[in-house]
Amino acid sequence: MTKGGDDGTVPIPEPLRPYLDAAIKLSPSKWVFPAADGKQRAADTNLKAVLRRALGRAGIVDGYEHRCRKPGCGHVELATEDANRRCPKYDRALWIRPLPRKGIVFHSLRHTTATLLARAKVHPSVAQKILRHANIETTLAIYTHLDGIEDMRAAVAKLDFGVIRVRNQDLTRLLAVRPLLPALPLRSR
Ligand SMILES: [Zn+2]
């Protein structure tokens, strides 16, 4: 996808090729990602919704909602897995709906690309072209920001905490709040 819908050559990383080849082969039309009827998607397609569904199918979720569809029941449970569950009141299978991970939007993909390019030390002028930034300042701002984060990471890596003992229940609690933390790179490579 090009920003602003202009056409131009978009470089594709080699590892993506088999996926795109498969998508082209499966497509019933000349479009790589057509609408269900094989036609071009409408200009007013809700791409946000398309991305949310794709995230749900890919398992990039905060969890799953299990809901009873029996009229008047209203039983709902939230779970981390999508294994089948039954309504405790009516013993019916609950309907499962993925809850796509919050905070992931199309723009995140651009941001990830920018971050990976900076990390790979790709020259900013090349990154600018790939990201189609009109102004190199935009690219450089991302590079500078990332350098700052890498510097901080290197700095805190020098801190000596001695031996850290984490009790299992503390770790479980920590992992439970993990999805609520801001989507910042928390781990170094
Ligand atoms: Zn029910």
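Residues numbered from 1 in each chain as written. Predicted model: local features only at pLDDT ≥ 70, side-chain atom pairs only at ≥ 80, totals over all residues.

A. Seen up close, the overall build of the protein chain. A tally of regular secondary structure across the protein chain gives six helices and three strands. Walking the protein chain from its N terminus toward its C terminus, one meets helices and strands in the order α-α-β-β-β-α-α-α-α. Put simply, the protein chain has 189 residues, and 7% of those count as buried. Of the contacts made within the protein chain by residues no fewer than 6 positions apart, 39% connect residues no fewer than 24 positions apart. (Helix = DSSP H or I, 4+ residues; strand = E, 2+ residues; numbered from the N terminus. Buried ≥ 20, exposed ≤ 12 C-beta atoms within 10 Å, placed from the backbone. Contact = placed C-beta atoms within 7 Å.)

B. Fine view of the pairing of strand E1 (residues 61–67). One ladder, built from six bridges, connects E1 with strand E3 (residues 95–100); its direction is antiparallel. Bridge pairing in E3 places Glu 65 opposite Arg 97. In this sheet, strand E2 (residues 76–79) lies alongside E1 in antiparallel orientation, the contact comprising four bridges. By the bridge assignment, His 66 is partnered in E2 with Glu 77. (Pairing = 2+ DSSP bridges.)

C. Quick look at the environment of Phe 33. For Phe 33, the location among the structural elements is in the loop between helix H1 (17–26) and helix H2 (47–57). For Phe 33, a count of 11 C-beta atoms within 10 Å translates into the label exposed. A C-alpha to C-alpha distance of 7.5 Å links Phe 33 and Ala 23, two positions ten residues apart in sequence.

D. Main features of helix H5 (residues 136–157). Taking 1.5 Å per residue, 22 residues should reach 32 Å; H5 reaches 31 Å between its end C-alpha atoms and fits that length. Residues of H5 that are buried in the fold lie against helix H3 (106–119) and helix H4 (124–131). (Expected span 1.5 Å × (residues − 1).)

E. Expanded view of the nonpolar core. Ala 114, Leu 117, Ala 118, Ala 127, Ile 142 and Tyr 143 form the largest nonpolar core, which has six residues in total. Breaking this core down by element, the ones donating at least two residues are H3 and H5. It is H3 that contributes the most residues to this core, three residues altogether. Excluding its chain neighbours within four sequence positions, the residues that come into contact with Ala 114 are Ala 127, Leu 131 and Ile 142. (Core = buried A, V, L, I, M, F, W, Y, C linked by C-beta atoms within 7 Å.)

F. Looking closely at the environment of Pro 28. By the element assignment, Pro 28 lies in the loop between H1 and H2. By the C-beta count within 10 Å, which is 10 here, Pro 28 ends up exposed. Once the C-alpha coordinates of Pro 28 and Gly 38 are considered, the two residues, ten residues apart in sequence, prove to be 5.7 Å apart. If we skip the residues at most four places from it in the chain, Pro 28 touches Pro 34 and Gly 38.

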